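Analysis of the macromolecular model
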Amino acid sequence: MHRIGYILPEGFQIIGLGTQAVFELANVVAREPFYALDSYALDGAVRASAGLTVQARPLTARSQADTWLVTGVLSPLSRPVSPELPRLLGKLAPRSRRVAGLCTGAFLLADAGLLDGRRATTHWHWADALQQRHPRVQVEADRIYIADGPAWTSAGMTAEMDLALALVEKDLGADIARSVAHRLVMHQRRSGGQSQHSEMLRLAPKSDRIQQALEHARRNLAQPLSVEDLAQAASLSPRQFSRVFTAETGQSPAKAIEGLRLEAARLMIESSRHPLEVVARETGFRDRRHLREAFLRGFGMPPQALRRDARASPPAS
């Protein structure tokens, strides 16, 4: 049986505990109690940021787990954790198989010296602070999660679920991880290299009409998607559509569509082995060369480099 220990600092975010559902359902899907879950805190009882009190096991130097998951706090700089926690974690981690920092839990791993010389991520809002506080850590701010050796870290909130599913996939295989994601009504398990930022959220249109046009575009990226097409989806004239679209999103329709295409192409490259010609065709770029030009503008790297990075960073054992 694989023992998972959750470390809960004072003021932890309760959503971190929600990832326990991933391992609970993995036991159901696998039809065996593969995972055993325990929660630990310095003084046993610990209070979450939202006010809920959790009765946990006391964390000591003799506590044992195969995987330690450290939950984050709402504001790691204004609410520093007890120095006893990183000291204990530094002793416990070498005796475990792996350790993971959920969201700002990465700060605790870094404080314990477990991320020195390693790649790591955290919630984008705190990435710069983590880098400044721990210059020996290679912080990659725009990643869903990262596994570097035995150290795993994730971005915030929903990305914690992606990390937990990746752990299940590593332990029990892709089929069980997909079944768990399906039971959780998750659209898909995102790859670790996927961006923390959603193009649709970044555009954030204010009206339903522009939202409908963007949804139409996202469903039909392989099509030309002229202004006339988008205007028709929004039930506006082309001239009125262009004016309203730019006012609501701060971008021209052409620029926004390229962003959606880049996001879709990036996901395809990270999560599949499709040739770049296929990726270009499926996401609306003219050809492989056009795809490369867009990647260099948008990401500062060619699509081949992204594919190499994705293949060179498999989940840690």
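The seven strands lie next to each other as S5-S2-S1-S6-S7-S11-S10, forming an open sheet whose pairing is mixed. Looking along the sheet, the strands with just one partner apiece sit at the ends: strand S5 (57–58) and strand S10 (145–148). Sheet topology note: the strand S1 (residues 2–7)/strand S6 (residues 67–70) ladder contains four bridges and is parallel. Bridging across to S6, isoleucine 7 finds its partner in valine 70. Lying on the sheet, helix H1 (residues 20–30) is in contact with S1, strand S2 (35–41) and S6; it crosses S2 at an angle near 155 degrees. Against the sheet, helix H5 (residues 158–172) touches S2, S6, strand S7 (98–101), S10 and strand S11 (151–154), its axis set at about 145 degrees to S11.

For the rest of this paragraph, the subject is the packing of aromatic side chains. Following the criterion strictly, the structure yields five aromatic pairs and no others. Here phenylalanine 23 and tyrosine 35 contribute two aromatic rings whose centre-to-centre distance is 5.0 Å and whose plane-to-plane angle is 65 degrees, an arrangement assigned as edge-to-face. Here phenylalanine 23, found in helix H1, pairs with tyrosine 35, found in strand S2; they are twelve residues apart in sequence, far enough to count as distant. For tyrosine 35, a relative accessible area of 4% gives the class buried. Where tyrosine 40 meets tryptophan 68, the ring centres are 5.3 Å apart and the plane angle is 65 degrees; that geometry is what we call edge-to-face. Of this pair, tyrosine 40 sits in strand S2 while tryptophan 68 sits in strand S6, and the two are 28 residues apart along the sequence. Taking relative accessible area as the criterion, tryptophan 68 reaches 1% and is therefore assigned buried. Chaining the aromatic ring pairs together yields one cluster made of Phe23, Phe34 and Tyr35.

What follows concerns the nonpolar core. Core analysis: the biggest nonpolar cluster contains 36 residues, and Tyr6, Phe23, Leu69, Trp152 and Val168 have the highest contact counts within it. Elements represented by at least two residues in this core include exactly S1, H1, S2, S10, H5 and helix H6 (174–183). A per-element tally of this core places H5 first, with eight residues. If near-sequence neighbours (up to four positions away) are discounted, leucine 69 is found in contact with Ile4, Gly5, Tyr6, Ile7, Thr19, Phe23, Ala100, Leu102 and Leu167. Ranked by size, the runner-up nonpolar core spans 28 residues in total, among them Leu89, Leu92, Ala106 and Leu108.

Within S2, six of the seven residues are buried, which leaves it mostly tucked inside the rest of the structure. Running through H1, the crossover from S1 to the neighbouring parallel element S2 is right-handed. One ladder, built from two bridges, connects S2 with S5; its direction is parallel. Looking across to S5, one finds that alanine 41 is bridged to proline 58.

Moving on, we get to H6. Among the residues making up H6, those that are buried are Ile176, Ala177, Val180 and Ala181. Projected down its long axis, H6 carries its buried residues within an arc of 140 degrees, all on one side. Away from its buried face by more than 90 degrees, H6 exposes Asp175, Arg178 and His182. Next to the buried residues of H6 lie H1 and H5. One or two residues past the end of H6 sits valine 185, with phi positive at roughly 60 degrees.

So, how was this worked out
- Counting starts from 1 at the beginning of each chain's written sequence and moves along it residue by residue.
- In keeping with the model being predicted, local features are shown solely for residues with a pLDDT of at least 70 and side-chain atom pairs are shown and tallied solely at 80 or more, while totals for entire chains, interfaces and linings include all residues.
- Each side-chain value is worked out from all heavy atoms of the structure, with water and hydrogens disregarded.
- Should DSSP find at least two bridges between two strands, the strands are taken to pair.
- Working definition: helices are DSSP H or I runs of at least four residues, strands are E runs of at least two. Numbering for both runs from the N terminus.
- By the convention used here, residues are in contact when the closest approach between their heavy atoms is within 4.5 Å.
- Each axis is a line fitted through C-alpha atoms, and for a helix only the stretch in contact is used; angles between axes span 0 to 180 degrees, taken between their N-to-C directions.
- Pairing of aromatic side chains requires ring centres within 6.5 Å, counting the rings of Phe and Tyr and the six-membered ring of Trp. Pairs whose planes differ by under 30 degrees are stacked, by over 60 edge-to-face, and all others tilted.
- Type-normalised accessible area, obtained with a 1.4 Å probe on protein chains alone, sets the label of each residue: buried when under 20%, exposed when over 50%, and partly exposed for intermediate values.
- Buried residues of nine kinds, namely Ala, Val, Leu, Ile, Met, Phe, Trp, Tyr and Cys, make up a nonpolar core once their side-chain atoms join them within 4.5 Å.
- Crossover handedness is defined here as right-handed if the route from the first strand over the helix to the second strand goes clockwise, with the strands pointing away from the viewer.
- In this context, the arc is that of the directions from the helix axis out to the C-beta atoms.

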